[in-house]
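These are the residues of each chain, in order.
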Amino acid sequence: MRNTHWAKAVKQSPDPERAKHWLEVLLPTSAGPWLAKAGEEQCRILAALFSGSQAACEALQHHPEWFTEALAVELLAHPCRERAMRREVDAWLEPLLAGHDYAQALERIRGFKQREMIRIAARDLARLSHTLEITRELSDVADVCLGAVCRVCHRQLSERLGQPFHRPAEEGPWQPTAFCVLGLGKLGGQELNYSSDVDVIFVYEEEGSLFKTPPEKNAKESKGLTSHQFFIRLAESFAAEVGRTTAVGQLYRIDLRLRPEGKAGPLARSLESYENFYAQWGQTWERMMLIKARCVAGDSGLAFEFGEMAQSFRYPRSISPRFLDEMAAMKQRIEDEVVREGELDRNVKLGRGGIREIEFIAQMNQLLHAGRQPFLQGSQTLPTLSQMVQYHLLPERDARDLSEAYTFLRDVEHRLQMDQNRQTHSIPADPEKQLRLARLMGFKTLRQFNETLRRHTNRVRELYDRQFAAAHAGSPLPETHLPPSFEGSEPAWQELLTQCCFREPDTAFKRITEFIRGPGYIHVSTRTEELGRGLLPRLFKLCPRKDAQGRILNLEPNTLSDPDRVLARLDSFIAAYGSRATLFELWTHNASLFDLLVLLFDRSEFLAETAIRTPDMVDDLMISGHLRRSKTAAQTLEDLRHGRGDKDQHVWLRRYHEVEFMRIGLRDILGLADFEHNLAELSALAEACLQYALEAVLVRHRLKQAPFAIIGLGKLGGNELTYGSDLDVVFVAPAKTKNLQSAQKLAAEVLDLLSKQTEHGIVFRTDARLRPDGEKGLLVNTLPAYEAYYRRRAQLWEIQSLTRARPVAGDPQTGQSFFTLAKVLTHFSQPSLPLAAFTPQWKTAIAKMRLRIEKERTPAGKDALAIKTGGGGLMDAEFIAQTLSLEHGFQQANTLTALELVRTQGLLPREAATQLIENYCKLRRVEGILRRWSYEGETELPDDPAPYYRVSVRCGFATPDEFRQAIATYRQRIRSVYRQVFPE
């Protein structure tokens, strides 16, 4: 050959002899003329490919046309994006599918994959790209091929058996059932190498039936194959085609063992089945696995739903320290059992300081922190290392060293695999082969290569050991700190329990023993006892520790206020659940559920009783993801309407209310909703229950329209309902209403549906005494009657109550008319006379009313505890908001929003308004925490030191004295602003 570029390129290639050999072999093919005319850069690229990949050269012998289709310089300069690859494949796949030529379609897919692998190898060996780009291209090729195979298999199977359909709702129309293939491991992380297995699992939307044609809405389930059977066959067909070896070659080795239950489990599962499995049986390695879960074929919307479902499992907000031991054990088992003898220092993936250790560092930190730091969530290793630097989980230098090591080791792995398309990760023992590898890596000598390799692997192992040691150090009270046994270790247990602030260590020791072994210390399995011991550090971690002055040393939002009571509650919960072994498995694999129950038992007595009475409720709420949902009144009402068909509406309302109250309470306890949002959600629940109760009564009487509007007053009107609040309501009928007696009966039924005491409790206490003439007045009256009463006979406090009026249910037009009337009646700057309650001294009268409440409703000698009625209490702020609303004519039922309006409009000096708002919010939060415990309308802090201490801890204070001083400060600041509005 006269082409001088070839001589130079071959000589400078990593393996000149091999490059020359393959050039001579390929020149006689149809690509010979093209090769003979190749330019300098083209020759350099191809000589690098001939040196590094025998498999590519052998394929090019049979397909010389690929030189021009994939190996021209202009085609190699940039990566080929997934979208471009899909367009190319779709151009020939669609006609083949339309023509039912499935065999040809599958052969074309295999040929496409083989050609693209050669193109990527050429870019890689010629150093036209970097590691991340190469692994992304390899993964994109896999996505395109697997997506195409999935389409072929689905089309084939559907033509033969029919299409799967399901019903999202019991009476709803049939819908096609979605299916997707999720990639895991390197495929899922878009970090594929040249000879990777593809790890996949198969997901379908819901259970259903097969139909040859789309079913009508009322069609019954078919008697043939179920959707589950269809998708099992689809998964089998997909796996067979992906792994099949033909004359064109194999697509990929496929690994299906990462599915739930491994080889024993079904190939495909519904979304709900996956959710149930991971919630109850998911293990640490499955959390790690799902971090990389990603849609590679099929319906991307279903894959997104899977990701949302698995989110709290793969990224838990908290996790047992035991998982660090499990990760370390996994890695040690790999070194002991998987890596061949003599290869531990030569295996760049699984050996010491290898790729897997870098991946473990990233995934360990994701499991520990990504539940609370969303930007750590991701499937790729190098971006995760960068995010760890931003969150101060890894020094920048360490992240750089790990990234450089990862890139180097992946390069080595690629060059080991691409030569003969072998799944190997071990550097050969033969020195000559090692030297060849070194040159493919760009090193002139083997010594340089080995020194670089050792530098990277030693550094990785150093950082791996350091990360695991640091994580262990950050996990207080690991299991090894527990006394080794119960018998003979009583003093050690009592010392530990005393340190954790158990008031009665002897009793706590007995309960701890029962917690693990059961009442009467019945025999439990070794596994159950081991799991129980593993849970105790999580409990002790939340317990307070005090210094010599009685200050809590580890004060955090989740610090327990009463460990003794929590332990007793746990015992009751286990007894109600029934199976200690199952429960311990569940808590171990979903440790955040255990933490949540512990917090619940400490933060709310009435919610704890509900949880013990219905043990699955908290579990169901957590697994379903409903705890992260914020619901409006409209959404809640829509949910309530699902119970329209229940015969006993009292039972339906109470059961729904119980679950919703638990959901809202848990969101509050976990801090998933701020306090104002919590009040809004409680108010939305009440509003929806009122609306639904009215609808239920109307249905019972076959009425299409409500004959009245329901007006919310007080906390309901202000959208600031808290735990244990009554619903203050009045019923207002339109002016032309003639049959008030009938309307009265309907209103009484609405109140009965909500407030009647049954064996299932009540929904809400209702109070209709704010109507004209109180209990003596008509339960329902017309709008003109209300206006006449308010103008001629109502007292000032009744007009004041209208500042918090809001229509909540019933006839919207009447409700709006009442709201408009209330707005007119409460505009004291332009009083709408006649108005009997209005006098020039109205403001003084309100101040006297507030003083009377303070004296009469505050127990003697307990003003410091009366956070609502006492001086500087919550009522001071409420009276300020209502008085300024009357004075300046703005209608804003919500106290906080009204105070914000006061500040915005300059009705108080800005500094005073800000001081009022800040301290009112703090004091109201204390009231919420107090009421959340007992569900009673508590307005006073406890007098007894023990419960006072517990309230102070729940409110975030290290000592009762600090809490007492803070309360006093809040109230002093509120009262100082109150005196500006009502000078003495």
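Residues numbered from 1 in each chain as written. Predicted model: local features only at pLDDT ≥ 70, side-chain atom pairs only at ≥ 80, totals over all residues. Heavy atoms only, no water.

### Some details on the packing of helix 38 (residues 842-857) against helix 39 (residues 874-888)
And then number 1: Their axes nearest at 11 Å, the elements helix 38 and helix 39 cross at an angle of 165 degrees. One finds that helix 38 runs roughly antiparallel with respect to helix 39. Seen from above, helix 38 lies across helix 39 with right-handed handedness. Counting all contacts with helix 38, which are made through Trp842, Lys843, Ile846, Met849, Arg850 and Ile853, the residues of helix 39 involved are Met875, Asp876, Phe879, Thr883, Leu886 and Glu887.
And then number 2: Within the contact of helix 38 with helix 39, the residues separate by chemical class into 7 nonpolar, 1 polar and 4 charged. (Axes fitted to C-alpha atoms, helices over the stretch in contact; angles between N-to-C directions. Helix = DSSP H or I, 4+ residues; strand = E, 2+ residues; numbered from the N terminus. Parallel < 35°, antiparallel > 145°, perpendicular 65-115°, else oblique. Left-handed = near helix turned anticlockwise from the far one by under 90°. Contact = heavy atoms within 4.5 Å. Nonpolar A, V, L, I, M, F, W, Y, C, P; charged D, E, K, R; others polar.)

### Quick word on the sheet that holds strand 1 (residues 163-166)
And then number 1: Pairing is antiparallel in the open sheet, where 3 strands are placed in the order 2-1-5. Both edges of this open sheet fall to strand 2 (175-176) and strand 5 (209-211), since each of them pairs with a single strand only.
And then number 2: One ladder, built from 3 bridges, connects strand 1 with strand 5; its direction is antiparallel. By the bridge assignment for strand 5, Gln163 is matched with Phe211.
And then number 3: Contacting strand 1 and strand 5, helix 12 (residues 227-243) runs over the sheet at an angle of about 140 degrees to strand 1. (Pairing = 2+ DSSP bridges.)

### Describing the packing of helix 26 (residues 580-589) against helix 27 (residues 591-603)
And then number 1: Closest axis-to-axis distance for the helix 26/helix 27 pair is 4 Å, and the angle between their directions is 105 degrees. By the angle between their directions, the pair helix 26 and helix 27 is classed as roughly perpendicular. Seen from helix 26, the contacting residues are Leu586, Trp587, Thr588 and His589; seen from helix 27, they are Ala591, Leu593, Phe594 and Leu597.
And then number 2: Considered class by class, the residues forming the contact of helix 26 with helix 27 number 6 nonpolar, 2 polar and no charged.

### A short note on the nonpolar core
And then number 1: With 95 residues, the main nonpolar core has Phe515, Phe540, Trp587, Leu600, Phe601, Phe708 and Ile710 as its most contacted residues.
And then number 2: Ignoring anything within four residues of it in the chain, the contact list for Phe515 reads Gly532, Leu535, Leu536, Leu570, Ile574, Arg580, Phe584, Trp587 and Phe594.
And then number 3: Among the nonpolar cores identified, the runner-up in size contains 84 residues, and Trp22, Ala56, Leu106 and Phe230 belong to it. (Core = buried A, V, L, I, M, F, W, Y, C linked by side-chain atoms within 4.5 Å. Buried < 20%, exposed > 50% of the residue type's maximum accessible area, 1.4 Å probe, protein only.)

### Re the packing of aromatic side chains
And then number 1: One pass over the structure, following the stated rule, counts 43 aromatic pairs.
And then number 2: Taken together, a centroid distance of 5.6 Å and an interplanar angle of 80 degrees make the contact between Phe202 and Phe238 edge-to-face. Of this pair, Phe202 sits in strand 4 (residues 198-204) while Phe238 sits in helix 12; the two residues are 36 residues apart in sequence, bridging distant segments of the chain.
And then number 3: Residue classification places Phe238 among the buried residues on the basis of a relative accessible area of 2%.
And then number 4: Ring geometry for Phe661 versus Phe764: centroids 6.3 Å apart, planes at 55 degrees, classification tilted. (Phe/Tyr/Trp six-rings, centres within 6.5 Å; stacked < 30°, edge-to-face > 60°.)

### Topic: a negative patch on the surface
And then number 1: A contiguous patch of negative charge, built from Glu206, Glu207, Glu272, Asp299 and Glu305, is present on the exposed surface.
And then number 2: Examined against the element boundaries, Asp299 turns out to sit in the loop between strand 10 (294-298) and helix 15 (300-314).
And then number 3: Judged by its relative accessible area of 33%, Asp299 is partly exposed. (Patch = residues over 30% accessible without salt bridge, like charges linked within 9 Å, V, L, I, M, F, W, Y side chains within 5 Å. Areas by Shrake-Rupley, 256 points an atom, 1.4 Å probe, with all protein chains shown as cover. Salt bridge = Lys/Arg side-chain N within 4 Å of Asp/Glu carboxyl O. Lys, Arg positive; Asp, Glu negative; His and termini not counted. Charge placed at Lys NZ, Arg CZ, Asp CG, Glu CD.)

### Some details on the pattern of salt bridges
And then number 1: A complete count under the given rule lists 78 salt bridges for this structure.
And then number 2: Among the salt bridges present, the one from Asp197 reaches Arg253, with a minimum N-O distance of 2.9 Å. Taken together, the residues span a long stretch of sequence, with Asp197 in the loop between helix 11 (185-188) and strand 4 and Arg253 in the loop between strand 7 (249-250) and strand 8 (254-255) at a distance of 56 residues.
And then number 3: Residue classification places Arg253 among the partly exposed positions, given a relative accessible area of 28%.

### Some thoughts on helix 8 (residues 82-98)
And then number 1: The end-to-end C-alpha distance of helix 8, which contains 17 residues, comes to 23 Å, matching closely the 24 Å that a straight helix rising 1.5 Å per residue would cover.
And then number 2: Every buried residue of helix 8 is listed here: Met85, Val89, Trp92, Leu93, Leu96 and Leu97.
And then number 3: Along its buried surface, helix 8 packs onto helix 9 (102-125) and helix 10 (131-161).
And then number 4: Within two residues after helix 8, His100 carries a phi angle of roughly 60 degrees, on the positive side. (Expected span 1.5 Å × (residues − 1).)

### Section: the pairing of strand 4
And then number 1: The buried fraction of strand 4 is high, at 7 of 7 residues.
And then number 2: Of the two faces of strand 4, the one holding Val198, Val200, Phe202 and Tyr204 and the one holding Asp199, Ile201 and Val203 are both buried throughout.
And then number 3: Bridge count between strand 3 (residues 179-184) and strand 4: 6 bridges; the pairing is antiparallel. Of the residues in strand 4, the one forming a bridge with Gly183 is Val200.
And then number 4: In this sheet, strand 8 lies alongside strand 4 in parallel orientation, the contact comprising 2 bridges.

### Examining unusual backbone geometry
And then number 1: Omega for the bond connecting Leu833 with Pro834 falls within 30 degrees of zero, at 0 degrees, which places this linkage in the cis form.
And then number 2: Mapped onto the elements, Pro834 comes out in the loop between helix 37 (812-825) and helix 38.
And then number 3: For Arg127, which is not glycine, the phi dihedral falls at a positive 60 degrees.
And then number 4: Residue placement: Arg127 occurs in the loop between helix 9 and helix 10.
And then number 5: Residue classification places Arg127 among the partly exposed positions, given a relative accessible area of 41%.
And then number 6: With phi around 65 degrees, Asp773 is a residue other than glycine that occupies positive phi space.
And then number 7: Structurally, the position occupied by Asp773 is in the loop between strand 13 (766-767) and strand 14 (780-782).

### Notes on the confidence of the model for the chain
And then number 1: In this model, the chain carries a mean pLDDT of 90, and residues with pLDDT of at least 70 account for 95%.
And then number 2: Here residues 474-480 is modelled with pLDDT under 50, and outside its nearest four sequence neighbours on either side it reaches 14 contacts, counting other chains as well. (pLDDT = per-residue confidence, 0-100.)

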